[in-house]
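# Chain and residue survey
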Amino acid sequence: MTIQTGTMDRQSKRDAAKAALQALRDWAAEATPTEVAELDPAISRLLPQADDFANYPALRRAYPEDFQADEAYRDTLPDLQNGPESLIKGARQQIQHVGISNFRLPIRFHTRDNGDLTLETSVTGTVSLEAEKKGINMSRIIRSFYKHAEQTFSFEVIEAALDAYMSDLDSFDARIQMRFSFPVKVPSLRSGLEGFQYYDIALELVEKNGVRRKFMHLDYVYSSTCPCSLELAEHARRTRQQLATPHSQRSVARISVEVLPDQKCLWFEDLIDLARSAVSTETQVMVKREDEQAFAELNAANPIFVEDAARLFCEALQGDPRVGDFRVVASHQESLHSHDAVSVLTQGDAFDAESLDPRLFASLYHVG
């Protein structure tokens, strides 16, 4: 049987393969299991009577500890993710992001106030996938990242990691996001004690259509005293000598900013300071009685609705030349209502969106 495929079109090649498969089955119908195995044990999977050839020849069940996979052997291994377009399932559509999420490793970061810190970091790395490509080898993202993981991380190092895995995976768009909990020692309000406040921070580097942008995200946790409740409580005291307390609640703002190039460094501590300058009622770490009283006074001096919080954060961000586009998502987790009060404020196109993640506000809960 002669099969020529050099100049055949796709359908002709398929017809030829079908004919070859039938010829193989016709031969195997008269062959012994030994003859099939000697030709190629994998042939058994193509035969109607595959069960007759199962586990032939007998397979070893002990793990081969001494086996070494050399380069020649590795070249024989199947690689379905880099297979032909014919293996694609579903629509032939570009995928904007495909990759890995939450692989963790210790990363050393530069800080403004405390030198270098090593922090457990959760990394997400994705690339775009063209419509005609089956998939990507996701382990290459990890391997590319590990090439740079021993360096003290800055945006420049993240860019080098991004370049590496974009090259390895031959992709046109890519993203790296690194999440960690950043410790800062903060003083109490009056007692002179100090304690560590932990801030959820993420760094993000995105390349899209040849344009590279840097982002920083911060979850800032604060107390919000309701201005309406404060006025009503004071009214009860003033008009009826009735003791009343305004309601306040733990609140969270997720502040996301574009870090502009060719500007001074925007340190983690700088973004925290910006948030604290806008809304000073940050939750406390070390508290004695005089600190608790001071916190009550601080809240009374700074009552805010969720709309106020969003605009106060906005004002602080607008005043920093290192900040480009930004988004503020605030959630006041009510002690009066059974629901939360929320707000979203954006500036620029980076965070502008018609639709919101349905779980966005639920993700703002701060778990102690």
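In what follows, the structure referred to is the one given above.
The sections below set out a description of the structure shown in this document. Keep in mind it's a predicted model, so treat the numbers as computed, not measured.

In total, this model carries 21 salt bridges according to the counting rule given. With its nearest N and O atoms 3.5 Å apart, the salt bridge here joins Asp-349 to Arg-213. With a gap of 136 residues between them, Asp-349 in the segment after strand 9 (341-347) and Arg-213 in strand 6 (residues 211-225) connect regions that are remote in the sequence. Taking the relative accessible area as the measure of exposure, Asp-349 reaches 56% and is therefore exposed. Residue classification places Arg-213 among the partly exposed residues on the basis of a relative accessible area of 23%. Taking the shortest distance from any N to any O, the salt bridge between Asp-273 and Arg-276 comes out at 3.3 Å. Note that Asp-273 and Arg-276 are positioned in helix 7 (residues 268-278) at a spacing of three residues, about one turn of the helix.

All told, the structure shown has nine aromatic pairs when counted by the stated rule. Judged by centre distance (6.1 Å) and plane angle (70 degrees), the ring pair of Phe-109 and Phe-268 falls under edge-to-face. Placement of Phe-109 in strand 1 (residues 95-110) and of Phe-268 in helix 7 is noted, with a sequence separation of 159 residues between them. Each of the two residues, Phe-109 as well as Phe-268, counts as buried. Taking 5.9 Å as the distance between ring centres and 20 degrees as the angle between the ring planes, the aromatic pair formed by Tyr-220 and Tyr-222 counts as stacked. Residue classification places Tyr-220 among the buried residues on the basis of a relative accessible area of 0%. One aromatic cluster in this structure is built from Phe-109, Phe-180, Phe-182 and Phe-268.

The next thing to look at is the packing of helix 4 (residues 139-146) against helix 5 (residues 155-169). Angle between the axes and distance between the axes: these two values describe a pair of packed helices. It is the contact of helix 4 with helix 5, at a shortest axis distance of 8 Å, that shows an interaxial angle of 145 degrees. Of the two elements, helix 4 crosses helix 5, and the hand of that crossing is right-handed. Along the contact surface, helix 4 presents Arg-140, Ile-141, Ser-144 and Phe-145, while helix 5 presents Ala-161, Ala-164, Tyr-165, Asp-168 and Leu-169. Class assignment of the residues belonging to the contact of helix 4 with helix 5 gives a composition of six nonpolar, one polar and two charged.

Below, the discussion takes up the sheet that holds strand 3 (residues 152-153). Taken together, nine strands build an open sheet; the order of strands is 3-1-2-4-5-6-7-8-9 and the sheet is mixed. The open sheet has two edge strands with one neighbour each: strand 3 and strand 9. Note: strand 7 (residues 248-259) against strand 8 (residues 323-332), eight bridges, orientation antiparallel. Its bridge partner being in strand 8, Ile-255 is matched across the sheet by Val-328. Relative to strand 8, helix 9 (residues 306-318) is tilted by about 160 degrees, and along the sheet it contacts strand 6, strand 7, strand 8 and strand 9.

To continue, consider the environment of Arg-250. The residue Arg-250 is located in strand 7 in this model. With 115 residues separating them in the primary sequence, Arg-250 and Tyr-365 have C-alpha atoms 9.2 Å apart.

This brings us to a nonpolar patch on the surface. A cluster of nonpolar side chains, Phe-67, Tyr-73 and Leu-77, forms an exposed patch at the surface whose accessible area comes to about 300 Å². Locating Leu-77 in the fold gives a position in the loop between helix 3 (71-76) and strand 1. The exposure class assigned to Leu-77 is partly exposed, which follows from its relative accessible area of 44%.

The subject of this paragraph is helix 1 (residues 10-30). One turn of the α-helix equals 3.6 residues, which is why residues spaced by three or four share an orientation. An ideal rise of 1.5 Å per residue puts 30 Å on 21 residues; helix 1 measures up with 31 Å between its terminal C-alpha atoms. When helix 1 is considered as a whole, its buried residues turn out to be Ala-16, Leu-24 and Ala-28. The buried residues of helix 1 occupy an angular sector of 110 degrees when the element is viewed end-on, so they sit on one face. Exposed and oriented more than 90 degrees from the buried face of helix 1 are Arg-14, Lys-18, Ala-29 and Glu-30.

The biggest cluster of nonpolar side chains holds 63 residues, and the ones touching the most others in it are Phe-145, Val-257 and Phe-313. Among the elements that line this core, the one with the most residues is helix 5, at eight residues. Not counting residues up to four positions away in its chain, the partners in contact with Phe-313 are Tyr-220, Tyr-222, Ala-253, Ile-255, Ala-275, Ala-278, Val-279 and Val-328. One finds Val-252, Val-329, Leu-360 and Leu-364 within the second-largest nonpolar core, a separate group that totals five residues.

Position of Asp-170 relative to the elements: it lies in the loop between helix 5 and strand 4 (174-187). The spacing of Asp-170 and Ser-128 is 42 residues in sequence and 9.5 Å in space, taken between C-alpha atoms. Apart from residues lying up to four places away in sequence, Asp-170 is in contact with Glu-130 and Lys-133.

Conventions and cut-offs
Residues numbered from 1 in each chain as written. Predicted model: local features only at pLDDT ≥ 70, side-chain atom pairs only at ≥ 80, totals over all residues. Heavy atoms only, no water. Salt bridge = Lys/Arg side-chain N within 4 Å of Asp/Glu carboxyl O. Helix = DSSP H or I, 4+ residues; strand = E, 2+ residues; numbered from the N terminus. Buried < 20%, exposed > 50% of the residue type's maximum accessible area, 1.4 Å probe, protein only. Phe/Tyr/Trp six-rings, centres within 6.5 Å; stacked < 30°, edge-to-face > 60°. Axes fitted to C-alpha atoms, helices over the stretch in contact; angles between N-to-C directions. Left-handed = near helix turned anticlockwise from the far one by under 90°. Contact = heavy atoms within 4.5 Å. Nonpolar A, V, L, I, M, F, W, Y, C, P; charged D, E, K, R; others polar. Pairing = 2+ DSSP bridges. Patch = residues over 30% accessible without salt bridge, like charges linked within 9 Å, V, L, I, M, F, W, Y side chains within 5 Å. Areas by Shrake-Rupley, 256 points an atom, 1.4 Å probe, with all protein chains shown as cover. Expected span 1.5 Å × (residues − 1). Arc of directions from axis to C-beta. Core = buried A, V, L, I, M, F, W, Y, C linked by side-chain atoms within 4.5 Å.

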